[in-house]
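# Survey of secondary and tertiary structure
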Amino acid sequence: MTRNGIVSLGDFAITASGNYVGSWVTGFEGILVITAQLRLVYGSGGTTIKAYLQTGLDGSAGVDPVTPIDIWCRTFATASDVKDKNFSCLDASSDITPTDATLTDNTAVDGILGDRFRLKLVVAGTYGGSTVLSARVHPKQ
Amino acid sequence: MTPDAAVSMLNSQLAKHGEDIELIRTTGLTGPQAAAYGVICRAFVRGYSAEELIAGITQSDSKVILGPTEIEASGWPGPETARETTSGTPISSTTGDIRIPRKNDKAVIAGRQRNIEASVGLYMAGVLVRIEMRVAG
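Residues numbered from 1 in each chain as written. Chains lettered and ligands numbered in written order. Predicted model: local features only at pLDDT ≥ 70, side-chain atom pairs only at ≥ 80, totals over all residues. Heavy atoms only, no water.

Helices and strands together make up the secondary structure of chain A, namely 0 helices and 11 strands. The order of α-helices and β-strands along chain A, N terminus first, is β-β-β-β-β-β-β-β-β-β-β. The globule rule puts the C-alpha radius of gyration for 141 residues at 14 Å, and the 15 Å found for chain A is close to it. Within chain A, buried positions represent 46% of all 141 residues. Considering only contacts in chain A between residues 6 or more positions apart, those separated by 24 or more positions represent 82%. (Helix = DSSP H or I, 4+ residues; strand = E, 2+ residues; numbered from the N terminus. Rg over C-alpha atoms; globule rule 2.2 N^0.38 Å. Buried < 20%, exposed > 50% of the residue type's maximum accessible area, 1.4 Å probe, protein only. Contact = heavy atoms within 4.5 Å.)

This is the structure:
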């Protein structure tokens, strides 16, 4: 693992509806635990923001994963909010079928940690007033 | 000289003769609610000579020279973000090299936060080997 300390998965300035996709952040080989924080600083307008923390198991050097895997879906609406969550690959997990930005709202899949992570947002409504959603993770071996 | 050699030489000089600065990118609102992400970098910081004080540059400005090593290692300022329509169709945008600090990013130099007014990346054979910035404040 080459990542140490707090790693940014992006600060997304949210305006129009649609999808906002961060590029994959690599360097998490061999991690055992990852703690994530999603923080929304709300400005104005908008309807909902669904934030999907994703990992991947079938990428390689310079090649993005073919199969993004949702491990956390957190919804936000029209108020500033912060949510933290911890994920461990030591937890036994039952078989899952990977989803790409369709995981049930406000649920998480534990036990699946790949070598890279990204954040994907699905935004409904038009936000203004410098609405920003920030994602940070702290990996541990 | 190869790009790797150029970066290595710059890093060697910065290690011996440079100082630590912090680059900070802030997104959205200012103040305590701002989303900020920083990286500590090694840099040369110097003032401008009289001959360099052309329009837009004042004697209180500083020239900062740094390499890309710390920025690349940390992933500053965070990953690139792309827009798509709700059906997944990419919305094209041009953002340039995200490793290059941009106007209104901050540089903390000797404990003082200063504004980055301009910055440019220097490339060798397409590889970023050096960044030069003008800071004010």
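Another aspect to go through is the overall build of chain B. For chain B, the helix and strand inventory stands at 2 helices and 8 strands. The linear arrangement of helices and strands in chain B, starting from the amino end, is α-β-β-β-α-β-β-β-β-β. Reported as C-alpha extents along the three principal axes, the dimensions of chain B are approximately 55 × 40 × 30 Å. Burial statistics for chain B: of 137 residues in total, 37% are counted as buried. In chain B, of all internal contacts separated by at least 6 residues, the share reaching a separation of at least 24 is 54%. Total accessible area on chain B stands at roughly 7,400 Å², and carbon and sulfur atoms take up 54% of it. Side chains of chain B give 14 positive and 15 negative charges; the mean places of these two sets differ by 4 Å. (Areas by Shrake-Rupley, 256 points an atom, 1.4 Å probe, with all protein chains shown as cover. Lys, Arg positive; Asp, Glu negative; His and termini not counted. Charge placed at Lys NZ, Arg CZ, Asp CG, Glu CD.)

Residues and elements named next belong to chain B. Taken together, the 9 bridges between strand E1 (residues 19-27) and strand E2 (residues 35-47) define a ladder with antiparallel strand orientation. The residue bridging Thr27 from the neighbouring strand is Ala35, located in E2. The pairing of E2 with strand E3 (residues 62-66) spans 5 bridges and is antiparallel. Paired with Val45 across the strands is Val64, a residue of E3. (Pairing = 2+ DSSP bridges.)

In this section: the side chain of B:Arg114. Residues and elements named next belong to chain B. Its place among the elements puts Arg114 in strand E7 (residues 112-124). Asp61 provides the closest opposite charge to the buried, unpaired Arg114, separated from it by 5.7 Å. A distance of 2.9 Å separates a polar atom in the side chain of Arg114 from a polar atom in the side chain of Ser62. When sequence neighbours within four positions are dropped, the list of residues in contact with Arg114 reads Ser60, Asp61, Ser62, Asp105, Lys106, Ala107, Ile109, Val135, Ala136 and Gly137. (Salt bridge = Lys/Arg side-chain N within 4 Å of Asp/Glu carboxyl O. Polar contact = N/O pair within 3.5 Å; in protein donor to acceptor, adjacent residues only side chain to side chain.)

Below, the discussion takes up the interface of chain A and chain B. Listed by partner, the interface residues are 27 residues for chain A and 22 residues for chain B. Counting the surface lost from both chain A and chain B, the interface buries some 1,800 Å², and carbon and sulfur atoms represent 50% of this. Considering only the side of chain A, the residues that lose the most area to chain B are A:Asp11, A:Asn19 and A:Val21, jointly responsible for 26% of the buried surface there. For the interface between chain A and chain B, the tally reads 0 salt bridges. At the boundary of chain A with chain B, the tally comes to 8 residue pairs in polar contact (both at pLDDT 80 or more). (Buried area = accessible area lost by both parts, 1.4 Å probe.)

Glancing now at helix H1 (residues 3-17) of chain B. All names here are of chain B. Its 15 residues place the ends of H1 21 Å apart at the C-alpha level, agreeing with the 21 Å of an ideal helix rising 1.5 Å per residue. Regarding H1, the residues found buried are Pro3, Ala6, Val7, Leu10 and Leu14. For H1, the arc enclosing every buried residue in end-on projection is 95°, short of the 170-degree limit, so these residues lie on one face. Seen from the open side of H1, the exposed residues pointing more than 90 degrees away from its buried face are Asp4, Ala15 and Lys16. Looking at the buried residues of H1, the elements they touch are E2, E3, helix H2 (69-74), E7 and strand E8 (127-136). (Expected span 1.5 Å × (residues − 1). Arc of directions from axis to C-beta.)

Let us now look at the environment of B:Thr69. Residues and elements named next belong to chain B. Inspection of the secondary structure assignment puts Thr69 in helix H2. For the pair formed by Thr69 and Ala82, sequence separation is 13 residues and the distance between their alpha carbons is 25 Å. Ignoring sequence-local partners within four residues, the contact set of Thr69 consists of Val7 and Asn11.

Okay, the sheet that holds E8(B) next. As summarised here, the arrangement of the 6 strands in space is E1-E2-E3-E8-E7-E6 (chain B), forming a closed barrel in which the pairing is antiparallel. For this sheet, the mean angle separating the axes of adjacent strands, direction not counted, is 45°. (Axes fitted to C-alpha atoms, helices over the stretch in contact; angles between N-to-C directions.)

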